[in-house]
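Report on the structure
Residue strings, one per chain:
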Amino acid sequence: MRRVLPASVLMWGSPYRPLPAYLLSRAPSTDPAAFPMSSSDRAIDYDPSVAHFAVSKRQFLEAHKDAPYALIATSALVFDARGRILLLQRAAHDSHPGKWEPPGGAVDEDDVTILHAAARELSEETGLEAGRIGRPVGEPHLFKRSNGDTVCRFNFAVYVAADKDGVPSVRLDPNEHQNFVWATEDEVKTEKASNHDAELKFVPGEVKQTVLLAFQQT
């Protein structure tokens with residue numbers, strides 16, 4: 001049985017930083033009995049620190065009517081057994097072509113919970129199945145879509161099954177991404193993946209900062 005912390009002590013990012021006030025106000029119940037983590041195909045295991053996200057997009061937004069956004073996105077920070085992080089290169093025909101990012105995307109209305117959305121996006125973009133969703137990484141990040149809508153992105157450490165060599169088998173969706181790398185912290189800092197001869201130019205915003213923070217927090 002999962003141990004669920006009350007909303008007042010849920011931690012964000014580090015053991016010393018509480019959730020932002022607008023995430024705690026009118027927080028929905030974090031009792032797993034109230035919002036069971038199951039879907040038609042499988043259940044999702046998660047760390048108690050992300051129980052706050054074990055609710056649907058609608059329930060989360062209704063509980064945070066004062067939040068400065070109406071859309072939610074997630075990203076998954078995935079490491080292999082060698083301590084390298086998974087990065088994807090955006091497709092040439094997409095926005096920010098050729099730029100790098102972790103797996104992730106929008107939370108849909110029919111996602112059972114925000115955590116299910118993170119697992120779904122990871123599966124769709126990489127073929128990897130989330131075995132467990134871990135702690136949040138970094139601060140929630142607000143950004144604007146081209147139509148002016150404000151989106152809040154939440155970043156999670158996600159653990160997946162690996163092959164015998166400790167490296168998960170990635171299968172890209174070519175409609176979204178054209179390449180992937182398992183990058184070390186130094187390679188992220190220098191924006192150069194030596195084994196792939198690839199320049200790691202990240203999508204705009206806080207993405208590179210979040211990726212580097214994931215090395216410290218996981």
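As shown above, the structure is provided for reference.
In this text the structure is predicted, and so the values were computed from the model without any measurement.

1. Focus on the nonpolar core
In this structure, I133, F156 and V158 are the most contacted members of the largest nonpolar core, which totals 34 residues. The set of elements that each furnish at least two residues to this core consists of α2 (57-63), β1 (71-77), β2 (85-90), α3 (114-126), β5 (130-136) and β7 (150-160). Ranked by residue count, the leading element in this core is α3, at 6 residues. Beyond its immediate sequence surroundings of up to four residues, V158 is in contact with A76, L77, V78, L122, A130, R132 and I133. Ranked by size, the runner-up nonpolar core spans 19 residues in total, among them V181, V203, V207 and A214.

2. Considering the pattern of salt bridges
Per the stated rule, a full pass over the model turns up 15 salt bridges. K57 is the partner of E109 in a salt bridge, and the nearest nitrogen-oxygen pair spans 3.2 Å. With E109 in the loop between β4 (104-106) and α3 and K57 in helix α2, this pair connects stretches of sequence that are 52 residues apart. For R58, the salt bridge identified is with E62, shortest N-O distance 3.4 Å.

3. Looking at the environment of A119
Residue position: A119 is located in helix α3. Assessed through its relative accessible area of 4%, A119 is described here as buried. Not counting residues within four places of it along the chain, the set of residues in contact with A119 comprises R42, I44 and A130.

4. A few points about the packing of aromatic side chains
What describes a pair of aromatic rings is the distance from one ring centre to the other and the angle between the planes of the rings. With the rule as written, the count across this model stands at 5 aromatic pairs. For the ring pair F79 and F215, a centre distance of 5.1 Å and an interplane angle of 85 degrees mean the geometry is edge-to-face. Of this pair, F79 sits in the loop between β1 and β2 while F215 sits in helix α5 (residues 207-217), and the two are 136 residues apart along the sequence. Its relative accessible area of 21% is what places F79 among the partly exposed residues. Take F215: its relative accessible area is 15%, and that puts it in the buried class. By way of ring pairs, the aromatic residues F53, F60, F154 and F156 are connected into one cluster.

5. Focus: the pairing of β2
It is a general feature of regular strands that their side chains alternate between the two faces of the sheet. Across the 6 residues that make up β2, a large majority, 6, are buried. With burial as the criterion, each face of β2 is covered, one bearing I85, L87 and Q89 and the other bearing L86, L88 and R90. Pairing of β2 with strand β8 (residues 177-183), which is carried by 6 bridges, proceeds in the antiparallel orientation. What sits directly across from Q89, in β8, is N179.

6. Thoughts on unusual backbone geometry
Even without being glycine, H96 reaches a positive phi, approximately 50 degrees. Along the chain, H96 turns up in the loop between β2 and β3 (100-101). On the basis of relative accessibility, which here comes to 40%, the residue H96 falls in the partly exposed class. One non-glycine residue, E191, lies in the positive phi region at around 60 degrees. Tracing the backbone through its elements, the reader meets E191 in the loop between α4 (185-190) and β9 (192-193). Overall, the relative accessible area of 18% leaves E191 in the buried class.

7. Examining the environment of R132
You can see R132 is positioned in strand β5. Each C-alpha atom of the pair R132 and L115 lies 9.9 Å from the other, and the pair is 17 residues apart in sequence. Among all residues touching R132, those that are not within four sequence positions of it are D45, Y46, D47, P48, A157, V158 and Y159. In this structure the side chain of R132 is engaged in a polar contact, spanning 3.5 Å, whose partner is the side chain of D47.

Thresholds, definitions, all that
Residues numbered from 1 in each chain as written. Predicted model: local features only at pLDDT ≥ 70, side-chain atom pairs only at ≥ 80, totals over all residues. Heavy atoms only, no water. Core = buried A, V, L, I, M, F, W, Y, C linked by side-chain atoms within 4.5 Å. Buried < 20%, exposed > 50% of the residue type's maximum accessible area, 1.4 Å probe, protein only. Helix = DSSP H or I, 4+ residues; strand = E, 2+ residues; numbered from the N terminus. Contact = heavy atoms within 4.5 Å. Salt bridge = Lys/Arg side-chain N within 4 Å of Asp/Glu carboxyl O. Phe/Tyr/Trp six-rings, centres within 6.5 Å; stacked < 30°, edge-to-face > 60°. Pairing = 2+ DSSP bridges. Polar contact = N/O pair within 3.5 Å; in protein donor to acceptor, adjacent residues only side chain to side chain.

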